[in-house]
Amino acid sequence: MEERDANIIFGKAGGNASKNAYTCKLSVPKTWVDRMGVRPDSREVKLCFDGDVVTVRRPENSSIKHVPLANKEKIRCFALVWQQMYTNYKTIPFRFFEEKEFLGDGLADLGFEMDGGKSLEEAFPGTNVLRDNAELERIIKQIDIQTLGNAIFSQWRYWNHWSMSPMREEDFQWFVIAFARLAELAS
């Protein structure tokens, strides 16, 4: 989950509202709105509030669409670059693996979704592909391009945000295997 600091915008309410009434607005980064597929002609969202957290998401059955999958040549080039980055991780500044502007935004712009491994789990129930390289290698030829891209995005986010331990050699190798296959699928 990406986070940014922001301020609520307060404005005087108009119309028949009392003189002490305010409207409240929040400015959301355009890149986030673009990734959600919200546009001026298709702008419906669902707001949820649990007492502490406000969530903005597309409503189910919304006409808002995800970013379409990019053309195969773009995906292939991206995959080959990142396969080499993960292969040579010891010589690459670690910030390239951590900061979303590099890998996270790139995957989102290609049309992949960080779904927490949901699409992979739906396609291969009961497997532990995100944590087991041997399991990944066993089924990798059966994974379609969208599911594999989503899995890579989810795995990157796990290591970038949720993991409480540093990546080991086999964790970098997982990405090498996945990106190599993604490049093959996009050929």
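Residues numbered from 1 in each chain as written. Predicted model: local features only at pLDDT ≥ 70, side-chain atom pairs only at ≥ 80, totals over all residues. Heavy atoms only, no water.

## Here's the deal with helix H2 (residues 72–87)
Here is step 1 of the chain: Helix length check: H2 (16 residues) gives 22 Å between terminal C-alpha atoms against 22 Å at 1.5 Å per residue, within 8%.
Here is step 2 of the chain: Buried residues of H2: Ile75, Phe78, Ala79, Trp82, Gln83, Met85 and Tyr86, and no others. What you see down the axis of H2 is that its buried residues fit within an arc of 160°, all on one side.
Here is step 3 of the chain: For H2, the secondary structure elements touched by its buried residues are helix H3 (95–98), helix H4 (103–109), helix H7 (145–162) and helix H8 (169–185).
Here is step 4 of the chain: With a side-chain oxygen positioned 3.0 Å from the backbone nitrogen of Glu73, the residue opening H2 is Asn71. (Helix = DSSP H or I, 4+ residues; strand = E, 2+ residues; numbered from the N terminus. Expected span 1.5 Å × (residues − 1). Buried < 20%, exposed > 50% of the residue type's maximum accessible area, 1.4 Å probe, protein only. Arc of directions from axis to C-beta. Contact = heavy atoms within 4.5 Å. Polar contact = N/O pair within 3.5 Å; in protein donor to acceptor, adjacent residues only side chain to side chain.)

## What to know about the packing of aromatic side chains
Here is step 1 of the chain: Per the stated rule, a full pass over the model turns up 18 aromatic pairs.
Here is step 2 of the chain: Aromatic side chains Phe94 and Phe97 sit 5.8 Å apart centroid to centroid with 45° between the ring planes, which places their arrangement in the tilted category.
Here is step 3 of the chain: A relative accessible area of 3% means that Phe97 is categorised as buried.
Here is step 4 of the chain: Geometrically, the ring pair formed by Phe153 and Trp156 is tilted, given 6.1 Å between the ring centres and 45° between the ring planes. Residue Phe153 and its partner Trp156 are located together in helix H7, separated by 3 residues, close to a single helical turn. (Phe/Tyr/Trp six-rings, centres within 6.5 Å; stacked < 30°, edge-to-face > 60°.)

## Here's the deal with the confidence of the model for the chain
Here is step 1 of the chain: Taken as a whole, the chain shows an average pLDDT of 88; of its residues, 94% reach a score of 70 or greater.
Here is step 2 of the chain: For the chain, per-element mean pLDDT is lowest for helix H1 (residues 30–36), which scores 75, and highest for H2, which scores 98. (pLDDT = per-residue confidence, 0-100.)

## Some details on the side chain of Ser154
Here is step 1 of the chain: Here Ser154 is to be found in helix H7.
Here is step 2 of the chain: Of the polar contacts made by the side chain of Ser154, one reaches the backbone nitrogen of Gly117; its length is 3.1 Å.
Here is step 3 of the chain: In this view, Ser154 contacts Glu113, Met114, Asp115, Gly116 and Gly117; residues no more than four positions away in its chain are not counted.

## Things to note about the environment of Leu110
Here is step 1 of the chain: Residue placement: Leu110 occurs in the loop between H4 and helix H5 (118–123).
Here is step 2 of the chain: It is 7.6 Å that separates the C-alpha atoms of Leu110 and Pro68, two residues lying 42 residues apart in sequence.
Here is step 3 of the chain: Among all residues touching Leu110, those that are not within four sequence positions of it are Pro68, Leu69, Ala70, Lys74, Ile75 and Phe78.

## Quick look at the pattern of salt bridges
Here is step 1 of the chain: Applying the stated criterion to the full structure yields 8 salt bridges.
Here is step 2 of the chain: Glu99 is paired through a salt bridge with Arg95; the nearest N and O atoms lie 3.5 Å apart.
Here is step 3 of the chain: Connected via shared salt-bridge partners are Lys100, Glu101 and Asp105. (Salt bridge = Lys/Arg side-chain N within 4 Å of Asp/Glu carboxyl O.)

## Side note on the packing of H7 against H8
Here is step 1 of the chain: Orientation of H7 relative to H8, taken along the N-to-C sense of each, is 155°, at an axis distance of 10 Å. Accordingly, the angle class assigned to the pair H7 and H8 is roughly antiparallel. For the crossing formed where H7 meets H8, the hand is left-handed. Contact with H7, carried on its side by Ile145, Leu148, Gly149, Ala151, Ile152, Gln155, Trp156 and Trp159, involves Asp171, Trp174, Phe175, Ala178, Phe179, Arg181, Leu182 and Leu185 of H8 and no other residues of that element.
Here is step 2 of the chain: Broken down by class, the residue content of the contact of H7 with H8 amounts to 12 nonpolar, 2 polar and 2 charged. (Axes fitted to C-alpha atoms, helices over the stretch in contact; angles between N-to-C directions. Parallel < 35°, antiparallel > 145°, perpendicular 65-115°, else oblique. Left-handed = near helix turned anticlockwise from the far one by under 90°. Nonpolar A, V, L, I, M, F, W, Y, C, P; charged D, E, K, R; others polar.)

## Comments concerning the nonpolar core
Here is step 1 of the chain: With 41 residues, the main nonpolar core has Tyr86, Ile152, Phe175, Phe179 and Leu182 as its most contacted residues.
Here is step 2 of the chain: Of all the elements in the fold, those that place two or more residues in this core are H2, H4, helix H6 (133–139), H7 and H8.
Here is step 3 of the chain: Of all the elements, H8 adds the most residues to this core, at 10 residues.
Here is step 4 of the chain: Contact partners of Tyr86, with chain neighbours within four places excluded, come to Phe97, Leu103, Trp156, Met167, Phe172, Phe175, Val176 and Phe179. (Core = buried A, V, L, I, M, F, W, Y, C linked by side-chain atoms within 4.5 Å.)

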